[in-house]
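As a plain string of letters, each chain reads:
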Amino acid sequence: MAAPAYPAWVTRWVSGQWRNKKRPPTLRPPRTLALADKVANRREQSTEATCITEMSVMMACWKQNDFNDTPCAKEIRMFYDCVAKAEKERKNQNEDTVSSRGNLPSSKVNKLLKRFPQITRYV
């Protein structure tokens, strides 16, 4: 058997929303709501590792050839090329740019907060 459906005003009246004009309590923060002049220095989350497949191919070749470099020259060269390419991309990424998650690094945020400090008192 289904419960009876009451009009919306009955539900509000019974729940006490109209009783004595109750309102939620006002929020009074203990301190003034203002940004600090600096944020904590945090390291960026490390990105995914690069050149893993090239490194695993190189190590497999070493294992097959008793850790002799001469038969694995091609794999070693491919690994070093991948590392050089990854380093070049990392150097091209400037610290001032926004990270992949869309956040600014803490050093950039501190520079901006230093340029635009909070006004804590009025003249």
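Residue numbers restart at each chain and count upward from 1, following the sequence in its written direction. Totals for whole chains, interfaces and linings use all residues, but because this is a predicted model, local features are given only for residues with pLDDT of at least 70 and pairs of side-chain atoms are given and counted only at 80 or more. Hydrogens and waters are ignored; side-chain quantities use all the structure's heavy atoms.

A. How the structure looks around the UniProt feature "domain: CHCH" (unreviewed entry) in the chain. UniProt positions are given in the numbering used here, feature names are shortened, and annotations may be inferred rather than shown by experiment. The feature "domain: CHCH" (unreviewed entry), as annotated in UniProt, sits at residues 51-84 in this numbering. For the annotated span residues 51-84, helix accounts for 74% and strand for 0% of the residues, and the straight-line distance between the end C-alpha atoms is 10 Å. Counting from the N terminus, the helices are the DSSP runs of H or I reaching at least four residues and the strands are the DSSP runs of E reaching at least two.

B. Inspection of a nonpolar patch on the surface at higher detail. Exposure above 30% relative accessible area and the lack of any salt bridge qualify a residue for a patch; like charges then connect within 9 Å, and the nonpolar side chains Val, Leu, Ile, Met, Phe, Trp and Tyr within 5 Å. Surface accessibility follows the Shrake-Rupley procedure with a 1.4 Å probe radius. Residue values consider only the protein chains on display as shielding. In what follows, salt bridge is the name for a side-chain nitrogen of Lys or Arg lying within 4 Å of a carboxyl oxygen of Asp or Glu. A grouping of Leu104, Leu112 and Phe116 is seen on the molecular surface, where their side chains present a nonpolar patch of about 250 Å² in accessible area. Within the secondary structure, Phe116 sits in the segment after helix H4 (106-115). A relative accessible area of 52% means that Phe116 is categorised as exposed. For each residue, the accessible area found with a 1.4 Å probe, counting protein chains only, is set against the maximum for its type, and the residue is called buried under 20%, exposed over 50%, and partly exposed in between.

C. Region of the structure containing the pattern of salt bridges. Scanning the model with the defined rule gives one salt bridge in all. Arg90 is the salt-bridge partner of Glu87, the closest N and O atoms lying 2.9 Å from each other. Here Arg90 and Glu87 lie together in helix H3 (residues 73-92), a separation of three residues that amounts to about one turn. The exposure class of Glu87 is partly exposed, given its relative accessible area of 35%.

D. Region of interest: the confidence of the model for the chain. In the predicted model, the chain carries a mean pLDDT of 79, and the fraction of residues at 70 or more is 72%. Per-element mean pLDDT across the chain ranges from 71 in helix H1 (residues 8-15) up to 94 in helix H2 (residues 52-64). pLDDT is a residue-level measure of predictor confidence that goes from 0 to 100.

E. Region of interest: the packing of aromatic side chains. Note on aromatic contacts: the rings of Phe and Tyr and the six-membered ring of Trp form a pair at centre separations within 6.5 Å, being stacked when their planes are under 30 degrees apart, edge-to-face when over 60 apart, and tilted otherwise. Taken as a whole and judged by the stated rule, the model has one aromatic pair. Their ring planes at 45° and their centres at 5.9 Å tell us that Phe79 and Tyr80 sit as a pair that is tilted. The exposure class assigned to Tyr80 is exposed, which follows from its relative accessible area of 54%.

F. Here's a closer look at the state of the cysteines. We call a pair of cysteine sulfur atoms a disulfide when they lie within 2.5 Å. Per the stated rule, a full pass over the model turns up two disulfides. Between the sulfur atoms of Cys51 and its disulfide mate Cys82 the distance is 2.0 Å. Handedness of the Cys51-Cys82 disulfide follows from its S-S torsion of about -95°: it is left-handed. Residue Cys51 is located in the loop between H1 and H2, and its partner Cys82 is located in helix H3; the two are separated by 31 residues in the primary sequence. There is no split in this pair, since Cys51 and Cys82 are both buried. Between Cys61 and Cys72 runs a disulfide, and the two sulfur atoms are separated by 2.1 Å. Its S-S torsion of about -95° marks the bond between Cys61 and Cys72 as left-handed, since a negative value means left-handed. Residue Cys61 is located in helix H2, and its partner Cys72 is located in the loop between H2 and H3; the two are separated by 11 residues in the primary sequence. Each of the two residues, Cys61 as well as Cys72, counts as buried. The connectivity of the disulfide-linked cysteines in the chain, indexed sequentially, is 1-4, 2-3.

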